Each structure stands twice: as structure tokens, then as C-alpha cells.
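# Working through the structure, step by step
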Amino acid sequence: MKRNPLCGRNFEYYSEDPYLAGKMAAVLIRGIQFNGISACVKHFAVNNQEERRMVIDTIVDERTLREIYLTAFEIAVKEGKTKTVMSSYNMLTGTHTNENMHLMRDILRDEWGFDGVVVTDWGGNNDRVAGLLAGNELEMPTTDGETDKEIVEAIKSGKIQEKVLDECVDRLLDLIFTTEKVFEKPHINFDTKEHHQMAQKVAEESIILLKNEGNILPLKKDAKVAVIGDFAEEARYQGAGSSIVNPTILNHTLDCIDESSIKAIGFEPGFERYGKKNKKKIDKACELASRADVVLLYIGLDEVTEAEGLDRENMKIPKNQVELLHAIYEVNRNIVVVLSCGSAVEMPWIDRVKGLVHGYLSGQAGAKAVLNVLTGKVNPSGKLAESYPFRYEDTPSYHHFPGKEVSVEYREGPYIGYRYYDTANIPVLFPFGYGLSYTTFAYADLKVSRKGVTFNITNTGNHAGSEIAQLYVGCKSEAIFRPKKELKGFKKVYLQPGETKEVTISFNDKTFRYFNVKTNQWEIEDAEYEIMIGASSVDIRLNGNLHVEGTAAPVPYEKEKLPSYYSGKVSNVSLEEFEHLIGRKVPDPNWDRSKPLGYNDTIAQCQYAKGGF
């Protein structure tokens, strides 16, 4: 989950919404495993910061854990049928995740029925025997037999029953045997160009048009275009760290622009890639911009600004890029920004651009895909999988990210992303689910039944295009606190101009459920529910109502003790109220400076260590 925009690995995460993340993961898993190999879902679980990621202790209430941070994994396991799950580095409530019996045994194995292999993150083993007892079969990378000896000794001493070891070995052997079958098939040399075309198609379907003032896009065929920005010369197409892959073919904008219909009059990098100021580059870029009808400005976050191993310092794009944008604005007001980054950024400069195309990190064919969107060859249809707040201070976890010493407290509870902004009435720059098109769509004729919803979408514009309709559900009861609305379904529909299609989105076992901390299981509240169909989380086009019979579970909370959660205004929850939510005392988040340093302590803690001389 994208709990906080500054998490260093957000570019690896699907969304701030668990239902969307789970559904996207499940289809990818089924695709990966179709030919007999294994997918691996990571990082299980509540791994939402890079700082002190090996030992940080996540303090989160059980309901939030289940509804927000585990639901996507649940869908990946139950619907995707993943063969392997990777445990995360961090601790959960005082225990490393791969040793956490509640997480690994009670939930993953017993409740979800996962019978595959759990693998540690690289170097993520803390206690090999404790991990094995929790069902963590595979330690990576190898310790050259060192921890194998610990398992043997544990068997001899009776700490582990041999049948527990046998279970783990059986699951490992099953993974080996089932994935070896693929090698019995004849070797096939795949067509790299065909696969590259598929990568381009995926990118084209994902690119998001965020702003199109005065219909500056698609670009007019006779427009003189200046291409500016280092990312146009060397694409920012993937993340940094262990996510790096080797592309078979790699497109850069400058290599592809001659194949497009764009009438480019020149290129200037405009800025140094890693933040260094360079006035000469700005001046050259401005001179080029002054001669153009439209400026394509390629900016975003570089590989150092967002990367594995460290969290971002702020939500801004590098200052030298912003200075370039302002300088160009003085000589040419027709600016179209092509943005490349893997997480939300602040955009105080948004009023100075007429067009904004967000490519995220769009892969090896992303540059050509973006050009096809800019020229109108492709009608953009992507939607944001996360909210874009006006400023970092507006985020619900602003006061509690990252955890600096022992622990990190998820005081915002289930109110992350749009769940918070919509409920607390915090305006955002771009809402969850938002994305423009070169055409327009009308929604009509909502019908709500106990099985789901049907409605019509009509393409009311002049271009063929796709719309992603979104189903949101909100409970009207005030007995149990909830977000104002939550995504419970979505469907992408392609329409020719003037065409109407009926859309059906079914309800499922997750549509009305909530996790009850008193009964320790999923329940349904007997209540009236608002059924909403929207083009984004704030652009609701159709509304309906449905009464749903509940499971007669007791109300799990004392409302007067949780005022912030019942109002949704959770940006600054007190310690006392958070302790009421989690039902226990919160551990001291600070290091115990009286203790000698140990195995899991960091070099940073040497600042208070006692010297030996």
C-alpha cells in the first residue's frame, strides 16, 4: 500500500487502495504462472518505509491491518493462486514478519489456505528456527549451511518437531517439481519485437492525461514543437534498486520522435539529471522554447531521488527542474509536461502548464507510447491509482512517517489516501481514479440489485476511447467508523463515438464486509449502503441505495473514546486515542540508550554507545 508518498519504494507498489492492488496483482500472477513458473508476491506485510526497514516495528490496529494492508495479499493468494510469498524485513507488533505466527500461520496458512512457499526478503532472516516454526521455508540468499545447522540442532533438542520440518520440505519440493515441468517443453526463441509491441500497448493503456487546458493536446500537426528535458534523451522508465531489469529494446523520445507526426524544431536537456544547477542549459532551453509553438517538457524524479533503500526527503521534483519550467514560462506559455515518477509529487507549478501527461515509469516502450498519446494516435485512458495532494502536510500520516528509531505508529488507521481526503473533506490536486480523455462520457440508468449494479456509458465525444468506471460503496450507519466511500469494483469499457454499452459490476464477498475486532472475524453491518458509480473518487456520476442484512455482530468500539476515527480527521491522533484503538499500550518508539548494542542495532546507534576506552 502507498501509505505515504515519501516511501522510497512506492514505485514498486500498485496503489493506495487494497482492492485495486489485489485485483491487479491477481491477474498478473495468473499470467506469470500460466506457463508453469512461479510468481512471488511481496513484501508481506506492512512494509511502508525504507528507513530502518530491517528492524522497524510497525504498530497498527488489527482492523486496519486486515482491511488495508492484508486485503491485497488475500486477493493475490486466493484469486491469483500465487505459488510463493516473500516476507518483509520489518517487524509487526514486536516480531519479525517471517516469524510472526499470527501473520504467517493464523492468517496466511489457516485462514487463506495458502499452501505455497514463503521466502525471506534478501538477508531478511532474523532467527532461522523461529521463521521455520512460523512456516518460512526458504531463506535467501544462502548462508552456506550456517543456519541449516541451527535447524538440525533445533530438531535434536526438540525445539522443532520433525513433522514441522517435513511440512516445509514438502512445500519446497512441490514448488521445485511443479516449476521444473516447464523445462520439459521444447525451447522457444521468442520474438523480441512482438514482446516490445506488447510492452508499448500496456504503456499506452496506462498513461494518464491529467491536464489539457484549451485542448492543447493532441498536438496540432503543423505545430512547431521544442523538446526539452533530460528524460527525453535518456528515458526514466524503471525504478532503482533490486527492481532494475534489462530491457530487450529500449525506446528514448529523441530516437522515436522522427517516426511520429510531431514537427520537432530541436532538443535541449535543460537541466542536470541529478539536481545540479546549470544556468547555461536553462538559457539554451529558453532560446529554443521561444521559437516554438508548443514546448514538450520532460521532467520528474530521477533514479537517485526515488530508490530502494531510502525514503524521499520531500514531495517535490528537483529544484533545478522547477526553475527550468518557470524560466520557459516567461518565453512560452504553451507548455506540456511529460511527467516520469513512481509516486505522488507536489505541483505548485501546475498553473504554469497547459498540458500534463503522466507516464509514471512506463517501461522499455514507454517513450513511444507517450508520443502516441501526445499526437492523438492513442486516446489516453489511464486513471490514477493514488491521490495527489496539494502538499505533503495534507497527508494523513504526515506526523507519523517515517518511524525513526524503534517503531512506526499507523495512527491514521484505515484512513489512507482517498479514504482520508474524501472523509475529512481535504481537497486534493488530483483525486484517486482521475484521468482525462480526448473524448467525453455520459453515465446513465443505474440499476442496483443484491447481486450488483448495471448502468450505461455513452461516448458523447468525437473520438473513440476507453473509460474506467468505478464502483464505490459507503455505509450510512454511524455505529462503526468507516471511510466515506471505498472502491469495490471497476471496469474498462471501449466505445466508438456515439456508442452506448451496458456495464455490469458484480458484488462479491468484500463489497460490504468490515473486520470486527471483538468477534475477530469479517462481519457485515446491517445498514443502508450508498452505491456510487464514478469517473474518479470525487466525480460520482450515479447514485443508488441498497439495504444489506448484517451478521448481528456486536459494535466493536466505544464511540466517545475514538472521536478522530469517527470523524475521519485523523491527521493528528493523540497517543491515548490510538491506544484505545489498538487496545493496548503503545511501546516506547525511542531506543533504550542504557542497553549495549546488539545484533539488530544500527551504526547510527553508535552515537550513544559506551566506548571501551
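Details of the structure are given in the entry above.
Before going into details, it helps to say that this report is about the structure given with it. (Residues numbered from 1 in each chain as written. Predicted model: local features only at pLDDT ≥ 70, side-chain atom pairs only at ≥ 80, totals over all residues. Heavy atoms only, no water.)

### Description of the pattern of salt bridges
Let me state the cut-off plainly: Take a side-chain nitrogen of Lys or Arg and a carboxyl oxygen of Asp or Glu: if they are within 4 Å of each other, that pair is a salt bridge. Secondary structure follows DSSP: runs of H or I at least 4 residues long count as helices, runs of E at least 2 residues long count as strands, and numbering of each begins at the N terminus. Residue burial is assigned from relative accessible area. The probe radius is 1.4 Å, only protein chains are included, and a residue is buried under 20% of its type maximum, exposed over 50%, and partly exposed in between.
Under the counting rule described, the total for this entry stands at 43 salt bridges. With its nearest N and O atoms 2.5 Å apart, the salt bridge here joins D230 to R273. Of this pair, D230 sits in helix α8 (residues 230-233) while R273 sits in the loop between β9 (263-268) and α10 (279-290); the two residues are 43 residues apart in sequence, bridging distant segments of the chain. The two residues D230 and R273 agree in class, both being buried. The network of salt bridges with shared partners includes R9, E12, E50, R53 and E308.

### Considerations on the sheet that holds strand β24 (residues 540-548)
Condition: Pairing between strands is defined by DSSP: at least two bridges between the two strands are required. Only the stretch in contact is used when a helix axis is fitted, and all axes are lines through C-alpha atoms; the angle between N-to-C directions ranges over 0 to 180 degrees.
Taken in spatial order, the 4 strands make up an open sheet running β19-β18-β23-β24, and their pairing is antiparallel. Edge positions in the sheet fall to β19 (486-495) and β24, since each of these pairs with one other strand and no more. On average, adjacent strands in this sheet sit at an angle of 20° to one another, irrespective of strand direction.

### Overview of unusual backbone geometry
Here the bond from M140 into P141 is cis, since omega is -10°, no more than 30 degrees from zero. In the segment running from F401 into P402, the intervening peptide bond is cis, with an omega of -15°. Within the fold, P402 resides in the loop between β13 (388-389) and β14 (407-409). A positive phi angle is found at K81, which is not glycine, with a value near 60°. Of note in this structure, N425 is not a glycine but carries a positive phi near 55°.

### Some remarks on the packing of helix α2 (residues 62-78) against helix α3 (residues 101-111)
This is how it is decided: By definition in this entry, angles of less than 35 degrees are roughly parallel, angles greater than 145 are roughly antiparallel, angles of 65 to 115 are roughly perpendicular, and the rest are oblique. Helix crossings get a hand from a simple test, with the near helix turned counterclockwise from the far one by less than a right angle marking a left-handed crossing and a clockwise turn marking a right-handed one. Contact between two residues is taken to exist if any of their heavy atoms lie within 4.5 Å; hydrogens are not considered. Asp, Glu, Lys and Arg are counted as charged, while Ala, Val, Leu, Ile, Met, Phe, Trp, Tyr, Cys and Pro are counted as nonpolar; the rest, among them Gly, fall into the polar class.
For the pair α2 and α3, the least separation of the axes is 12 Å and the interaxial angle reads 50°. The angle between the axes of α2 and α3 places the two elements in the oblique class. Relative to α3, the crossing made by α2 is right-handed. Contacts between α2 and α3 involve E62, R66, L70, V77 and K78 from the first element and H102, L103, I107, L108 and E111 from the second. Within the contact of α2 with α3, the residues separate by chemical class into 5 nonpolar, 1 polar and 4 charged.

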